[in-house]
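The chain contents come next:
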Amino acid sequence: MHGDDKFAQAARLYDGVGNFELGDGRTVRDACRLVGNVSLWDCLSTYLILYRFPMCVSGGAGLAHSYTERVRPLLGTLARVRDTVLFPPSYTVQGLTQSTPKSGHIRVLFVGFSEVFFRDVLRSVYSALEKESAGYQSIVLTGAGYGRRPQNHFSVWDYFSADVKAAATRGLSALDELKQALPGAIAAKRGAHLDGIAVDWPILRREFSWLCNRELPRLIYVAAAAYKVLSHYTPTLIVTADDADQKSKVVELAARELRTPTLVVQQGVTRADYPDWKHFAGDYVAAMGPTSLETIVGQGVPREAVTVTGHPGLDKLKQASEQENAATRAAQQVDPDEFLVIFASQPYYLGTFSSRRARREMIRACLEAVSTIPGVRLIVKAHPRDDVPALKKLCANYPRIRIVDSQVEVASLIKACDAFITMFSQTTLEALYADKPVININFPGSGVKSPFFDGKATCLAESREDIRIAITKLSEGDYGFFQNHDNRFAKEKMLNEWTFLNDGKATDRVVDLISGICASRVSEQRHTIA
């Protein structure tokens, strides 16, 4: 079954399961209103549809039968013990004392639960707003459980006053009742074709066990704290880069309940067949480019809510310096005279590769091809969701290949490299933005789809030999393909369509958008008071 078909069925399954009736007449969706009036079922929408429920549809659940997936309920229980008993977060109230709202200031709350997304998308916006915009007060909300935080960065655990703890306790008690009612609701439907979908009921029940032991308890704490943060800090605007993340959705939906708008700054490439915007929880979008605008609107977001700004995380790629690049290469133990190639890996999940094996074969081909070329050094950049131990195992036979994890910023590696290789990652755009030669790997039968595979803006490699030839030519100074008229024209066209203006000023446009939304919001509030 194709990935897009599976996503469509997963979306119907999500809606159908949310409407399951419990013994007391409530639906699952209603019963998930465990803290305040926000249903945590709504917060799980994108996560379940893209990553979990496709495995609950009969006929395509091969991944669901792996050992890790079979013991998932047990892992959920162990994770809960780890989070609450072995390594509990440090509960404090310092957020209530140190994030006091400044009178007369416009307050912006940046959501930074994903450190990588905040760093790569929002940090430049946050910094610019702090430095250049008088009358603004900004804080960053994170999920860090312990440790020192940068100035004006606060964790949800920094707002745990007595009433927040009480709300979380009530939520956990209500969750226990839901856990007792769920088996009966599932048993009543078992064996039926839900909305025409052949459901794998044992896998669905296993998924609920994970949700009730891992995801929902964690979200209960976040929701209890989110209401406290919003009522204490009273932000004019919420800014996030990850509308798909469950914790971010908690904040967005709680803010919507309190009539506080959210701006979502697009962090990744989207596709028409990948429904990551269908359950949009925000109010405004800062889109990467015209192509993304049409896809986002096509998935149901109102056109008037979307502004094309470009990607603020790309701005730093226009700010390279020889000194900075030399420091990056030295930090990665690359000699000054070596030809540096970066390979950006990508994880396996439904709708990407035809199989795990197809992904491994393409990665292995890249390692084998590049490692045989004299004077060439390869660094493998792990994706934030990569299985790093498995990736290290693939690289084990190539001692001169270095692996770096998600904590190393890909932008610095791109600026310092001589050539860039990936499969279908949006880092393709980042490397093109930095004017680097890009090779996209797509072997026949790999199942990979990408708008970058036009064979003009980038070099398309369909075999190990294609990779070897391309890198060999580049390392010898032959940039013929990457400097011809067709390539330059195709690259400029792709950048304009996907990243808007290739000018390094997306951060400024997002800051202007924030200022405009906040000004309108303040005007509305004054009008209401008058």
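Higher on the page you've got the structure.
Treat the numbers as computed from the prediction; the structure is a model and nothing was measured. (Residues numbered from 1 in each chain as written. Predicted model: local features only at pLDDT ≥ 70, side-chain atom pairs only at ≥ 80, totals over all residues. Heavy atoms only, no water.)

A. Molecular detail of empty space enclosed by the protein. Within this structure, the stated rule accounts for two cavities of 30 Å³ or more. Around the largest cavity, the lining residues are V111, G112, F113, S114, F117, F118, L122, T240, A241, D242, D245 and S248. Here the lining of the largest cavity gets three residues from one element, more than from any other, and that element is helix α8 (residues 115-132). Of the residues in the lining of the largest cavity, the class split is six nonpolar, four polar and two charged. As a volume, the second largest cavity reaches approximately 40 Å³. Lining the second largest cavity are V28, C32, W41, L178, L182, F208, L211, C212 and L216. The set of elements that each furnish at least two residues to the lining of the second largest cavity consists of α9 (162-189) and α10 (201-233). Of all the elements, α10 adds the most residues to the lining of the second largest cavity, at four residues. The residue inventory of the lining of the second largest cavity, partitioned by class, reads nine nonpolar, no polar and no charged. (1 Å grid on protein atoms, 1.4 Å probe; cavity = no way out; pocket = protein on both sides within 12 Å on 5 of 7 lines; lining within 4 Å. Points joined across faces, edges and corners; volume = space filled by probe spheres on them. Helix = DSSP H or I, 4+ residues; strand = E, 2+ residues; numbered from the N terminus. Nonpolar A, V, L, I, M, F, W, Y, C, P; charged D, E, K, R; others polar.)

B. Structural view of the sheet that holds strand β11 (residues 376-381). In spatial order, the strands read β12-β11-β10-β13-β14-β15; together these six strands make up an open sheet with parallel pairing. Looking along the sheet, the strands with just one partner apiece sit at the ends: β12 (402-404) and β15 (459-461). Within this sheet the neighbouring strands show an average axis-to-axis angle of 25 degrees, counted without direction. Pairing analysis gives three bridges linking strand β13 (residues 419-422) to strand β14 (residues 438-441), with the strands arranged parallel. When the bridges of β14 are listed, T422 appears paired with N440. (Pairing = 2+ DSSP bridges. Axes fitted to C-alpha atoms, helices over the stretch in contact; angles between N-to-C directions.)

C. Looking closely at the nonpolar core. L13, V17, L40, W41 and F53 are the most contacted members of the largest nonpolar core, which totals 72 residues. If you tally residues by element for this core, the top one is α10, at 20 residues. In this structure V17 touches V28, W41, F53, L194, L204 and F208, once residues within four positions along its chain are discounted. Counting 37 residues, the second largest nonpolar core, distinct from the first, contains I363, L378, I401 and F443. (Core = buried A, V, L, I, M, F, W, Y, C linked by side-chain atoms within 4.5 Å. Buried < 20%, exposed > 50% of the residue type's maximum accessible area, 1.4 Å probe, protein only. Contact = heavy atoms within 4.5 Å.)

D. Main features of the pattern of salt bridges. Applying the stated criterion to the full structure yields 25 salt bridges. Here K316 ties to E409 by a salt bridge, and the two come within 3.4 Å at their closest N and O atoms. Within this pair, whereas K316 is found in the loop between β9 (306-308) and α13 (322-331), its partner E409 is found in the loop between β12 and α16 (410-416), the two being separated by 93 residues in sequence. The residues K316 and E409 share a single accessibility class, namely buried. A salt bridge links R468 to E465, with the nearest nitrogen and oxygen atoms 2.5 Å apart. Here R468 and its partner E465 are both found in helix α18 (residues 464-475), three residues apart, which amounts to about one turn of the helix. Each of R123, K316 and E409 takes part in a single network of salt bridges with overlapping partners. (Salt bridge = Lys/Arg side-chain N within 4 Å of Asp/Glu carboxyl O.)

E. Region of interest: α10. The sharpest bend along α10 comes to roughly 45 degrees, located at L211. Buried residues dominate α10, accounting for 26 of its 33 residues. (Bend = angle between axes of the 7 residues up to and from the residue.)

F. Molecular detail of the pairing of β11. When you tally the buried positions in β11, you get six out of six residues, the bulk of the element. Burial of β11 is two-sided: the residues V376, L378 and V380 facing one way and the residues R377, I379 and K381 facing the other way are all buried. Where strand β10 (residues 339-344) and β11 come together, six bridges link them in parallel fashion. What sits directly across from L340, in β11, is R377. Running through helix α14 (residues 356-371), the crossover from β10 to the neighbouring parallel element β11 is right-handed. For β11 and β12, the ladder comprises three bridges, and the chain directions are parallel. By the bridge assignment for β12, K381 is matched with V404. Remark: the β11/helix α15 (residues 388-395)/β12 crossover connection has right-handed handedness. (Right-handed = clockwise from strand over helix to strand, strands pointing away.)

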